[in-house]
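Here is how the chains run, residue by residue.
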Amino acid sequence: MLDKKVAELINNQINKEFYSAYLYLDFANFYNDAGLDGFANYFDVQAQEERDHAMLMRTYLFNNGEKVTLSEIDKPDMECKEIDDALNFSLKHEQYVTSLINKIYKAANEVDDYRTMQFFDWFVKEQGEEEKSADDLLKKFELYGRDPKGLYALNQELLARAYAAPSLVL
């Protein structure tokens, strides 16, 4: 059995990951409506990743004899009006998720829960990649995405992004 606080934080994070998937689907919807199918694809892939993160954490709790309690998933609260809004929002959101993952890691460390720390090592690394990806995309957009030809090229680049399932072994 896991420490009660650690298990609760992980259970809450499962719901936060599902919210992240909803948020990214909402961003994909915005880009689909704007005719930017590559940007939509980027966020569709992000949504799949967030869903898988939730499922990995769910399995981890089950494998450690813990009950999983799902709560209501809030409606996304970030409204996009400009093409770069979702890009800015996603970077801020990934930084927020990183803070949540760090909180779980810290709680596990405080109770010498090395198994949970080892499991969350992957998520710590993943969050570094998520923040870099969001920051890189925002920088690319700011460099050449406001020009129609640059926006077209960036959209085409994002259209080629393919989903890859996480390689974390439970």
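Rules of the game
- Sequence order as written defines residue numbering, which begins from 1 separately in each chain.
- Selection of residues for local features in this predicted model requires a pLDDT of at least 70, selection of side-chain atom pairs for listing and counting requires 80 or more, and totals for whole chains, interfaces and linings are taken over all residues.
- Side-chain figures throughout are based on the complete set of non-hydrogen atoms in the structure, without hydrogens or water.
- UniProt positions are given in the numbering used here, feature names are shortened, and annotations may be inferred rather than shown by experiment.
- Put simply, buried Ala, Val, Leu, Ile, Met, Phe, Trp, Tyr and Cys residues joined by side-chain atoms within 4.5 Å make one nonpolar core.
- Working definition: with a 1.4 Å probe on protein chains only, accessible area under 20% of the residue-type maximum means buried, over 50% means exposed, and in between means partly exposed.
- By definition, any uninterrupted DSSP run of H or I lasting at least four residues is a helix, any uninterrupted run of E lasting at least two residues is a strand, and each is numbered from the N terminus.
- Contact criterion: two residues are considered in contact whenever any of their non-hydrogen atoms come within 4.5 Å of each other.
- Stacked, tilted and edge-to-face are the three classes applied to pairs of Phe, Tyr and Trp rings, where Trp contributes its six-membered ring and a pair requires centres within 6.5 Å; stacked means planes under 30 degrees apart, edge-to-face means over 60, and tilted covers the rest.

For the protein, the name recorded in an unreviewed UniProt entry is Ferritin, with Mogibacterium timidum as its organism. UniProt, in the comment section headed Sequence similarities (unreviewed entry), describes the protein in these words: "Belongs to the ferritin family. Prokaryotic subfamily." According to the UniProt record, the Function (unreviewed entry) comment for the protein reads "Iron-storage protein."

Caption draft 1: Summary view of the nonpolar core. Ranked by internal contacts, the top residues of the largest apolar core, which has 25 residues, are F27, Y31, F39, F43 and L87. For this core, the secondary-structure elements that each account for two or more residues are α1 (4-33), α2 (37-63), α3 (85-110), α4 (114-145) and α5 (148-159). For this core, the leading source of residues is α1, giving eight residues. When near neighbours in sequence (up to four residues on either side) are disregarded, L87 contacts Y31, F39, F43, L137, L138 and F141. Within the second largest apolar cluster, 23 residues are counted, among which are F18, I101, F120 and F123.

Caption draft 2: Spotlight on the packing of aromatic side chains. Inspection of every chain in the model, using the stated rule, returns 13 aromatic pairs. Seen in terms of ring centroids, Y60 and F119 are 4.2 Å apart; in terms of plane orientation they differ by 10°. Their pairing is stacked. Highlighted residues: Y60 in helix α2 and F119 in helix α4, separated in sequence by 59 residues. According to the relative accessible area criterion, Y60 is buried, its value standing at 5%.

Caption draft 3: Summary view of the UniProt feature "binding site: Fe cation" (unreviewed entry) in the protein. UniProt tags E17, E50, H53, E94 and Q127 as "binding site: Fe cation" (unreviewed entry). Of the residues just listed, which span 111 residues, no C-alpha pair is farther apart than 13.1 Å, and they cluster in one region. Among all residues touching E17, those that are not within four sequence positions of it are E50, H53, A54, M57, V97 and I101. Within the secondary structure layout, E50 lies in helix α2.

Caption draft 4: Looking closely at the UniProt feature "domain: Ferritin-like diiron" (unreviewed entry) in the protein. As recorded in UniProt, the sites labelled "domain: Ferritin-like diiron" (unreviewed entry) are residues 1-145. As annotated, residues 1-145 has a helix share of 79% and a strand share of 0%, and its two end C-alpha atoms lie 50 Å apart.

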